[in-house]
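# Close look at the chain arrangement
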Amino acid sequence: MSSLPLLDCDTHFSDHLPSLWTGPLPITPELLDVGGQRRLRLGDLVFPKPEGPGHGNPRGLGHLIGPGAEADRAEFMGKHNIQAAVLQPGFVGLSFQAVRDTAARTAIAAGYNDAAARSCADSRLDLRWGVLLSAEDPAWSLAELRRFRADPAVVGAVVRPTGGTADVRLSASGLTPVLEFLADAGLALFVHGGTGCHQWSPLADAYSEYTLTHAFGHMGEQMIALTDLLTRADGLPENLRVVMLESGVSWIPPVLERLALHHRRLAPGKPSPMELMRRHVAVVPDPDERYAAQACTEIGLDNVLFGSDYPHWDTVDSAEWLDTYAGMSSPERLRENTAAFVPRLAAAPAADTAP
């Protein structure tokens, strides 16, 4: 393994822990037992969705390979030569948009942001985080970005690829001020989906078998998100940088080529979707994805980042990742790419940290 440590764009915050949710909220996240499995409850909804179309992991919260606490995270980061890691949402942050009441939904998301900020500030590790946004609530999202802009551990913001319903899209003009703020502040936009979250996920919702809901949920949601972002009527701010997480990459070139064919026929003169992709969007390939290297070469090797997905069941082994992509993404190149797409992650540690 290279001596140059890695920058991890995709680890997960254990945001379901009851100790994080002690303050008064309209809806307080709770843990409960469902059929012998531990799950999360928000109001009258249980996560991951236990059954039916688009249901989540049958093991519930039991699929985690570790608690995501300081000790196990430190061991994992040390073993895999990870210098700094971005906490992405856990069960609460990936599920809160299913709450239909606006006040309750934004209160949960604000509580998540407070907890993530505290966890990074209190950690001896170099942990960073992204402000949780709600595509349902763009004005609230903008206010949250302003609230945490000065936090030295903030490297970006994170949003679900799809909203609670099909009416909520990343192409909406109401999100333009949010995207402009991120671009002006040098903050990345992380786009991260989840399975079994009781919200609009059209491909996953077509199936009731977890193998299929997980395979198509992330990819289907990101396909919609990528299309919505690259074809926005308002366009994308010039300096906006987007990072797509946990959705695979092999499908991207053929989908963008199909979009390009229609653009050439129906909207000539505009930048092609692939041109915009290369300018604005980074991907995080999985070492088990057979055609990922070919897709990344087509998208651009400057657009490739590393993510471990710790502590989820499909956590990536860094040595395997580096071996798989040795011909296209050395640790040195990964660091350069991270500096371009997530500059605050590639910068010096936010505070004094211990290895």
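Residues numbered from 1 in each chain as written. Predicted model: local features only at pLDDT ≥ 70, side-chain atom pairs only at ≥ 80, totals over all residues. Heavy atoms only, no water.

## Here's the deal with the sheet that holds strand β4 (residues 45–47)
We apply this condition: Two strands pair if DSSP finds at least two bridges between them. Each helix corresponds to a stretch of at least 4 residues labelled H or I by DSSP, and each strand to a stretch of at least 2 residues labelled E; elements are numbered beginning at the N terminus. Angles shown run from 0 to 180 degrees and are taken between the N-to-C directions of axes, each axis being a line fitted to C-alpha atoms and, for helices, limited to the stretch in contact.
Strand order across the open sheet formed by three strands is β2-β3-β4, with antiparallel pairing between neighbours. Both outer strands of the open sheet, β2 (30–34) and β4, are each paired with one neighbouring strand and no more. Taking the axes of each pair of neighbouring strands and ignoring which way they run, one obtains an average angle of 45° across the sheet. Alignment of β2 against strand β3 (residues 37–42), held across five bridges, turns out to be antiparallel. Counterpart to Glu30 in the pairing with β3 is Arg41.

## What to know about the sheet that holds strand β5 (residues 82–88)
Taken together, the seven strands give an open sheet; going across it, the order is β1-β5-β6-β7-β8-β9-β10, and neighbouring strands pair in parallel fashion. The two strands at the open ends of the sheet, each matched to only one other strand, are β1 (6–12) and β10 (281–283). On average, each strand axis in the sheet is inclined to that of its neighbour by 30°, with strand direction left out of account. Alignment of strand β7 (residues 154–159) against strand β8 (residues 188–192), held across four bridges, turns out to be parallel. Note that in β8 the partner of Ala157 across the bridge is Leu189.

## A look at the nonpolar core
Operational definition: What makes a nonpolar core is a set of buried Ala, Val, Leu, Ile, Met, Phe, Trp, Tyr and Cys residues whose side-chain atoms join them at distances within 4.5 Å. With a 1.4 Å probe rolled over the protein chains alone, any residue whose accessible area is under 20% of its type maximum counts as buried; one over 50% counts as exposed, and the rest are partly exposed. For this analysis, residues touch if any pair of their heavy atoms sits within 4.5 Å.
Core analysis: the biggest nonpolar cluster contains 106 residues, and Trp129, Phe190, Ile252, Met277 and Val342 have the highest contact counts within it. Element by element, the count of residues in this core is highest for helix α2 (residues 102–122), at nine residues. Once residues lying within four places of it in the same chain are set aside, the contact partners of Ile252 are Leu226, Met244, Met277, Val283 and Ile299.

## Overview of the environment of Thr162
Mapped onto the secondary structure, Thr162 falls in the loop between β7 and α4 (176–185). Accessibility expressed as a relative area gives 1% for Thr162, which makes it buried. Along the chain, Thr162 and Gly193 lie 31 residues apart, while their C-alpha atoms are 7.8 Å from each other. Residues contacting Thr162, with those up to four places away along its chain left out, are Gln97, Gln199, Trp200, Glu221 and Ile224.

## Details of the packing of helix α3 (residues 138–148) against α4
The cut-off we apply is this: Each angle receives one of four descriptions, namely roughly parallel if under 35 degrees, roughly antiparallel if over 145, roughly perpendicular if within 65 to 115, and oblique otherwise. Crossing handedness: left-handed means the near helix sits turned counterclockwise from the far one by under a right angle, and right-handed means the same turn made clockwise. Classification used: nonpolar for Ala, Val, Leu, Ile, Met, Phe, Trp, Tyr, Cys and Pro, charged for Asp, Glu, Lys and Arg, polar for all others including Gly.
Between α3 and α4, the least distance of the axes is 9 Å, while the angle of their chain directions is 20°. Judged by the angle between their axes, α3 and α4 are roughly parallel. Crossing of α3 over α4 shows left-handed handedness. In this structure, α3 uses Pro138, Ser141, Leu142, Leu145 and Arg146 to contact α4, whose residues at the interface are Pro177, Val178, Phe181 and Leu182. Of the residues that constitute the contact of α3 with α4, the class distribution is seven nonpolar, one polar and one charged.

## Examining helix α8 (residues 292–299)
Keep this limit in mind: Here, the arc refers to the directions that run from the helix axis to the C-beta atoms.
Looking only at α8, the buried set comprises Ala292, Ala295, Cys296 and Ile299. When α8 is viewed along its axis, its buried side chains cluster within an angular range of 100° and face the same direction. Residues of α8 that are exposed and point more than 90 degrees away from the buried face comprise Gln294 and Thr297. Downstream of α8 by one or two residues, Gly300 has phi in the positive range, about 135°.

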